[in-house]
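Structural description and commentary
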Amino acid sequence: MSTYAEFIEQQESRDGVRFSWNVWPSSKLEATRLVVPLGCLFTPLKERLDLPPIQYDPVLCTRNTCRAILNPLCQVDYRAKFWVCNFCFQRNPFPQQYAAMTETCQPAELIPQFSTIEYTIMRATVPPPIFLYVIDTCMDVEELGSLKESLQLSLSLLPSNALIGLITFGKMVSVHELGGQTGCAKSYVFRGTKDISAKQLQEMLGLTRYAGGVGQGQPQQPGVPPGQAQRPQQPANRFLQLLSSVDMQVTDLLGELQRDPWGVPQGKRSLRSTGVALSIAVGLLDCCFPGAGSRIMVFINGPCSQGPGQVVNDDLKQPIRSHHDIEKDNAKYLKKAVKHYEALAERAASSGHAIDIYSCALDQTGLLEMKSCCNTTGGHMVMGDSFNSSLFKQTFQRVYNRNEHGELRMGFNASVEVKTSRELKINGAIGACVSLGIKSSSVSETEMGLGGTCQWKICTLNPNATLGIFFEIVNQHGAPIPQGGRGCIQFITQYQHSSGQQRVRVTTVARNWADATSNIYHISAGFDQECSAVLMARLAVFRAESDEGTDVLRWVDRMLIRLCQKFGEYSKDDPGSFRLPENYTLYPQFIFHLRRSQFLQVFNNSPDETTFYRHMLNREDLTQSLIMIQPILYSYSFNGPPEPVLLDTSSIQADRILLMDTFFQILIFHGEVFIS
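Please read these numbers as outputs of a predicted model, since none were measured by experiment.

**Looking at the overall build of the protein**
What the protein contains, in helices and strands, is 17 helices and 28 strands. Classification of the 676 residues of the protein by burial places 54% in the buried group. Residue pairs in contact within the protein that sit at least 24 positions apart in sequence constitute 72% of those at least 6 positions apart. By element, 51% of the accessible surface of the protein is carried by carbon and sulfur atoms, the whole surface being about 30500 Å². The distance from the centre of the 61 positive side-chain charges to the centre of the 64 negative ones in the protein is 7 Å.

Below, the structure is given as structure tokens:
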């Protein structure tokens, strides 16, 4: 490659990985002096059209403490038919099926262009995806009507083999029975003030566990030829049924939904049992389909006002908590509600079930308290004003987008494992994931984000879902790395594909080591300012969840000043002489916009809005994250094609139309010429 910029772009399109530094310092001391930590943005399901899934199992390193997967960076002896692991240097024999392999006839996993490769695990039995709708009925007739239309439309977008379930709630919580032969709609009603454990729910509803074998490496069913798709056994409960058999019934049920019948006195809020409804939804899937790919899709129009998970009382004179109330410790229900939803999120994540929250209301609905449900399970969080808005309708339809093969663009019940060379250790990850708490020799004692593990669980993935992963160089200053040595990192993503297959995607990348005392220029030239800005933004937001806002801003400023001191060139007492290398020039600009952004500044934002903005920053890919940090401004005129312009008042001119994309909004400004 002729430039680092082209190399970085090629690596991102091929492997879905961007590193903050693309040449690594050879010692721990030198790495700390670089200021910006070594980290990467990793998109596990980065779409690649030239990546056919391989129809056999991956070859693993035989050392039990390693278990890395065969990749193009391994040393291979084609005559003796063995390979040397590039992580632990274990010598491993090839399986018998590789006997015909030669230097000119290599398997796909050894070809350099397939540094990312996807395996299909043929022997695994996987249940169909499950979609459980949890609907708030405490809304006016027009809002409920719009929501019902969107939900009825969504049924036509689901795969026919999907399982569907329906729970509605207001003052009470109703679990609707599906597939009944009587023709009479039947539901089981629970009090909205009392939490129900999974065991109680199982006894009350007569739930049984799915018997088809969930997860990876399940034995083949007798009588089914190897490699042939196995028919999963049908659920033995009446609340989650195949969509193809209950399509009309669910459509009718949604059409007949009425507003919550309990009256609301003047000056009072509707009694809404969101916490209990969500608890029942998690319990239902927990009892019947643990470990199966599922989405609990919650639609709310107001805050939970009774029972577990309550965020406000029913008196309209008492407004829902603000940032000021939280700072003064004046949020009466906050801690108890957060504890309730965190417990539900942990239960859902441990079973591989994602929780999506679609909140459409003019006031806050309690997203702050419920944020762990989305952040821990990888589910969507959508915030809008109305279910009748195009924002909600289009966003909800995009959830069901399909790829060129007609399959949903989503993965379920995923886990991401990271393996590193001996000179590297893993500090942690920041994103919509949960730690699996699995230690290895690659795990650092210093934590950044969710640390102390080399594996994370993500209950649902889409092609844009991105993790920020941080590393630490542990090689000591006095122990030089041999000339030409490379540091290796392997990402292993196991997930349930929407087609019903169990897949393993393996990405193996390497970067050169350099001695910072003699080759600081090479390290500096490998700096990726865009990736670094997004990683620092994620770190700042992670700190903002627990630290004071002013402390976080001070930390951001201090890190920028240190980086400029390290790599800037200037003459003493001459501010105009300051210069940064070309690949650093945009970084101060990104940090300037970050510290003014809604991610770190809570003024004029409600706690729910702050929660929503931070959630989006922590899950989207690099391009979208940069737009959130620094909006894009395009200028349209009769003088030429559209062009990007500066975010400055100088861009406002009479003969221009300006379009600003902030990711969350599109703003259009018309110059005087176009208005007249």
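**Description of the sheet that holds strand β17 (residues 424-430)**
The strands making up a sheet are joined through hydrogen bonds of the backbone, oriented either antiparallel or parallel. Read across the open sheet, the four strands follow the order β1-β3-β20-β17; overall the sheet is antiparallel. Only two strands of the sheet have a single neighbouring strand rather than two, namely β1 (17-19) and β17. Here the average twist between neighbouring strands, direction ignored, is 25°. Across six bridges, the pairing between β17 and strand β20 (residues 467-473) is antiparallel. In the sheet register, K425 faces β20, and the bridge partner there is E472. Each of β1, β3 (39-42), β17 and β20 is contacted by helix α12 (residues 529-544), which is oriented at about 95° to β3, the strand it contacts most.

**Section: the nonpolar core**
Core analysis: the biggest nonpolar cluster contains 124 residues, and W21, I296, I469, F471 and F491 have the highest contact counts within it. Once residues lying within four places of it in the same chain are set aside, the contact partners of I296 are L132, V134, L278, A281, V282, L285, A354, I355 and D356. Counting residues in each nonpolar core, the second largest holds 32 residues, with L166, L178, L253 and F392 among its members.

**Focus: helix α1 (residues 4-15)**
One turn of the α-helix equals 3.6 residues, which is why residues spaced by three or four share an orientation. Along its 12 residues, α1 runs 16 Å from first to last C-alpha, staying within 8% of the 16 Å computed at 1.5 Å per residue. Within α1 the residues assigned to the buried category are I8, Q11, E12 and D15. Down the axis of α1, the sector holding all buried residues measures 100°, keeping them to one side. Along α1, exposed side chains directed more than 90 degrees from the buried face belong to A5 and E9. In the core, the buried residues of α1 are packed alongside β1, β3, β7 (116-121), β22 (502-514) and α16 (622-629). Of the residues flanking the end of α1, it is G16, one or two places downstream, whose phi is positive at about 70°.

**Section: the side chain of S651**
Within the secondary structure layout, S651 lies in the loop between β26 (640-644) and β27 (657-661). Not counting the four nearest positions on each side in its chain, S651 is found in contact with L633, V645, L646, R656 and L658.

**Things to note about helix α11 (residues 516-525)**
For α11, the complete set of buried residues consists of A516, I523 and S524. All buried residues of α11 lie within an arc of 85° about the axis, which places them on one face of the element. Relative to its buried face, α11 has exposed residues pointing more than 90 degrees away, namely S518 and Y521. Turning to α11, the residues buried within the fold contact β2 (23-25), α2 (28-32), β22 and α13 (549-567).

**Here's the deal with the confidence of the model for the protein**
Confidence along the protein averages 91 in pLDDT terms, with 95% of residues attaining 70 or more. Here residues 213-235 scores under 50 on pLDDT; set against residues more than four positions off or in separate chains, the count is 45 contacts.

**A closer look at the pattern of salt bridges**
If you walk through the whole model with that rule in mind, you get 22 salt bridges. Of the charged contacts in the structure, one is a salt bridge between E12 and R18, with a shortest N-O distance of 2.8 Å. You'll find E12 and R18 in the same group, each marked buried. Between E118 and R505 there is a salt bridge; the shortest N-O distance is 2.7 Å. Highlighted residues: E118 in strand β7 and R505 in strand β22, separated in sequence by 387 residues. We classify E118 as buried; its relative accessible area is 3%. Sharing partners across several salt bridges, the network here consists of E12, R18, D528 and E530.

**Points about the side chain of Q306**
Note on placement: Q306 falls in the loop between β13 (294-300) and α7 (323-327). Within polar-contact distance, the side chain of Q306 engages the side chain of S273 at 2.7 Å. Filtering out sequence-adjacent residues up to four positions away, Q306 remains in contact with G170, K171, G192, T193, L271, R272 and S273.

**A short note on the packing of aromatic side chains**
Within this structure, the stated rule accounts for 29 aromatic pairs. Taking 5.8 Å as the distance between ring centres and 75° as the angle between the ring planes, the aromatic pair formed by F527 and Y587 counts as edge-to-face. Of this pair, F527 sits in the loop between α11 and α12 while Y587 sits in helix α14 (residues 587-596); the two residues are 60 residues apart in sequence, bridging distant segments of the chain. Members of the aromatic cluster, joined through ring pairs, are F131, Y133, F299, Y358, F387, F392, F396, Y400 and F412. Geometry around F82 places R91 over its ring, the cationic atom sitting 3.2 Å from the centre. The lysine or arginine in question, K171, covers the ring of W262, its NZ or CZ lying 4.1 Å from the ring centre.

**Comments concerning the pairing of β13**
Counted residue by residue, β13 has seven buried out of seven residues, so it is predominantly covered. Side-chain alternation along β13 places S294, I296, V298 and I300 on one buried face and R295, M297 and F299 on a second face that is also buried. Sheet analysis places strand β8 (residues 130-136) next to β13, joined by six bridges and oriented parallel. Among the inter-strand pairings, F131 is bridged to a residue of β13, identified as R295. Looking at chain direction, β13 and strand β14 (residues 353-360) are connected through seven bridges and run parallel. Considered in β14, the bridge of V298 is made with I357.

**Things to note about the sheet that holds strand β28 (residues 666-670)**
With antiparallel pairing, four strands are arranged side by side in an open sheet as β26-β25-β27-β28. Of all strands in the sheet, those bounded by a partner on one side alone are β26 and β28. Recorded for the sheet is a direction-independent mean angle of 15° between the axes of neighbouring strands. Pairing of strand β25 (residues 632-637) with β26, which is carried by three bridges, proceeds in the antiparallel orientation. The residue bridging S635 from the neighbouring strand is E643, located in β26.

Criteria and cut-off values
Residues numbered from 1 in each chain as written. Predicted model: local features only at pLDDT ≥ 70, side-chain atom pairs only at ≥ 80, totals over all residues. Heavy atoms only, no water. Helix = DSSP H or I, 4+ residues; strand = E, 2+ residues; numbered from the N terminus. Buried < 20%, exposed > 50% of the residue type's maximum accessible area, 1.4 Å probe, protein only. Contact = heavy atoms within 4.5 Å. Areas by Shrake-Rupley, 256 points an atom, 1.4 Å probe, with all protein chains shown as cover. Lys, Arg positive; Asp, Glu negative; His and termini not counted. Charge placed at Lys NZ, Arg CZ, Asp CG, Glu CD. Pairing = 2+ DSSP bridges. Axes fitted to C-alpha atoms, helices over the stretch in contact; angles between N-to-C directions. Core = buried A, V, L, I, M, F, W, Y, C linked by side-chain atoms within 4.5 Å. Expected span 1.5 Å × (residues − 1). Arc of directions from axis to C-beta. pLDDT = per-residue confidence, 0-100. Salt bridge = Lys/Arg side-chain N within 4 Å of Asp/Glu carboxyl O. Polar contact = N/O pair within 3.5 Å; in protein donor to acceptor, adjacent residues only side chain to side chain. Phe/Tyr/Trp six-rings, centres within 6.5 Å; stacked < 30°, edge-to-face > 60°. Lys NZ or Arg CZ within 6 Å of the ring centre and 35° of its normal.

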